[in-house]
Amino acid sequence: MTADRRRTKIVASIGPASESPRVLAGLMGAGMDVARLNLSHGSLDAALELYGRIRGVASAEGRELGILADLPGPKIRVAPLPRGGVMLEQHAEVILRPGRTASDAQVLEVDYERLLDDVEAGDRVGLADGQILIEIQSAHNSELRGQVLHGGLLRGRPGFYIPADRLSLTTPTERDLRYAEALAEVGVDFIGMSFVRGPEDLHTLGTAAPPDGPLLIAKIETRPAVENIDAIINAADAVMVARGDLGIEIPIENLPHLQKDIIRRCIAGGRPAITATQMLESMIDSPVPTRAEASDVANAVFDGSSAVMLSAETAIGADPVHVVTTMARIAQEADLRFDHTSWAQNITQLHMINPDQASLSVTDAMTTAASRVVEEVDLAALICVSGSGFTVRSMARFRPRVPVLGFSADRRTVRQLTLSWGVEPICLASETAYESRVADAVEAATESGHVRAGDLVAVLAGINPASRSTDVLRLVRVPGDLRELRRVPQPVR
């Protein structure tokens, strides 16, 4: 891998600090691969307008940019706090009651009608991704009284956490279904589902399977989700390790190990995995991250994350473009030190692909073979031609040391590949016969500068473009005259 090539992708949340065309273009130039719309804030109309604006900027910049619509889910939020926020001091007493008007350091209004039904004395509730913890001391007819166990600064409308097994709300909500339908219709690439507890939550959403519909990202943030992790991975197209609420649901000392386990299981199954929450949080205000944050990003890369995500850092931070630039530098250096050989060997041993699905097991075998070729042959690149992107994602799970060029004639598939580790998504002009598709892909890779005449490349593709199976692996020497690609193929020497 060349020193200037980053393989781990970056998801950046778009908000008031980053939604202008100028800043959006800056984020793309700095390394944003996927733009995240946090649908917990604002109206559907505002989200659709922002979606269109991002698409327009990406087109003007000539970028294949993925867009993730993150559904609100049964997200509970505190009513607006004063400008600049308030400090909740440790051991301070606070009152919590249902409401949506305003909050301050003494009274927190919680935008949830069933607050008094779902929370009782002895419970611990969290705010702002678990940074602040309150223990409920007593419950009354109209309010709860609690004591701050872990204090901190509260700003805006922070999330309010209730233990998953006590929460009356279910996923997806009516609002989720309405938002998902509207965003899928305009062509969003990914939909993130909050508060997933089991595979049936994903099935309920009812969107079309990719590439006709968006990739579904299951956010792992509850204890039930951890208990059902394998079934959720099989039902989802990708997974997000949402460490905020998850860090409240489970003992904090278990979180780093759980993060590693979820990522490995997800990647072994050919699903991209996103590590999220508080990755460079100090950079909301500071021009530099803490040393611990830099280590956290690097360790997420070493864990095998397909992507690392920024939330408030780019949505409301002081300098969103600088934050993305910083994360890109940290991730790129970690990518250079990634142990590709050991990772591929360990992933092969997990055998997460379902052998009962014939079309998937063929692709599993072919991508496994390709990963071995990468280790044994001096390749310049791995070219994967896929209609749905499944083959490319299956190949990316092995974390090959050479670039993976993901080709598809489906524009949405190309954008969905922006989330896959190490993949350079490229759009083919049309879906053609096998030989033409291989020639088109090699020619496009050459013209874009990814490979040169004389390079040896491996090409993964399917004979029949209508089939989900990838059943051909070829080694191709890039000719000096690209017209030779259209002739009868000769053996590689």
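Residues numbered from 1 in each chain as written. Predicted model: local features only at pLDDT ≥ 70, side-chain atom pairs only at ≥ 80, totals over all residues. Heavy atoms only, no water.

A. Molecular detail of the pattern of salt bridges. One pass over the full model with this rule turns up 21 salt bridges. In this structure, Arg5 and Glu424 form a salt bridge, with 3.9 Å as the shortest nitrogen-oxygen distance. With a gap of 419 residues between them, Arg5 in the segment before β1 (9-14) and Glu424 in strand β20 (residues 423-427) connect regions that are remote in the sequence. On the basis of relative accessible area, Arg5 is assigned to the buried category, the value being 17%. For the salt bridge of Arg55 with Asp189, the shortest nitrogen-to-oxygen distance reads 2.8 Å. Highlighted residues: Arg55 in helix α2 (residues 44-60) and Asp189 in the loop between α4 (174-186) and β13 (190-193), separated in sequence by 134 residues. As far as burial versus exposure is concerned, Arg55 and Asp189 are alike and both buried. Within the structure, one salt-bridge network assembled from shared partners comprises Arg36, Asp70 and Lys219. (Salt bridge = Lys/Arg side-chain N within 4 Å of Asp/Glu carboxyl O. Helix = DSSP H or I, 4+ residues; strand = E, 2+ residues; numbered from the N terminus. Buried < 20%, exposed > 50% of the residue type's maximum accessible area, 1.4 Å probe, protein only.)

B. Spatial organisation of the nonpolar core. Among the nonpolar cores identified, the biggest contains 92 residues, and Ile14, Met32, Leu39, Ile54, Leu280 and Met327 are the most heavily contacted of them. If sequence neighbours within four positions are ignored, Leu280 has contacts with Pro289, Glu293, Val297, Leu310, Glu313, Val323, Met327 and Ile330. Within the second largest apolar cluster, 26 residues are counted, among which are Leu81, Leu127, Ile136 and Ala164. (Core = buried A, V, L, I, M, F, W, Y, C linked by side-chain atoms within 4.5 Å. Contact = heavy atoms within 4.5 Å.)

C. The arrangement of the sheet that holds β20 in detail. Spatially, the five strands line up as an open sheet ordered β20-β19-β18-β21-β22, and their pairing is mixed. Only two strands of the sheet have a single neighbouring strand rather than two, namely β20 and β22 (472-477). With direction set aside, neighbouring strand axes in the sheet form an average angle of 25°. Across four bridges, strand β18 (residues 381-385) lies against strand β21 (residues 456-461) in parallel orientation. When the sheet's bridge partners are listed, Cys384 is paired in β21 with Leu460. (Pairing = 2+ DSSP bridges. Axes fitted to C-alpha atoms, helices over the stretch in contact; angles between N-to-C directions.)

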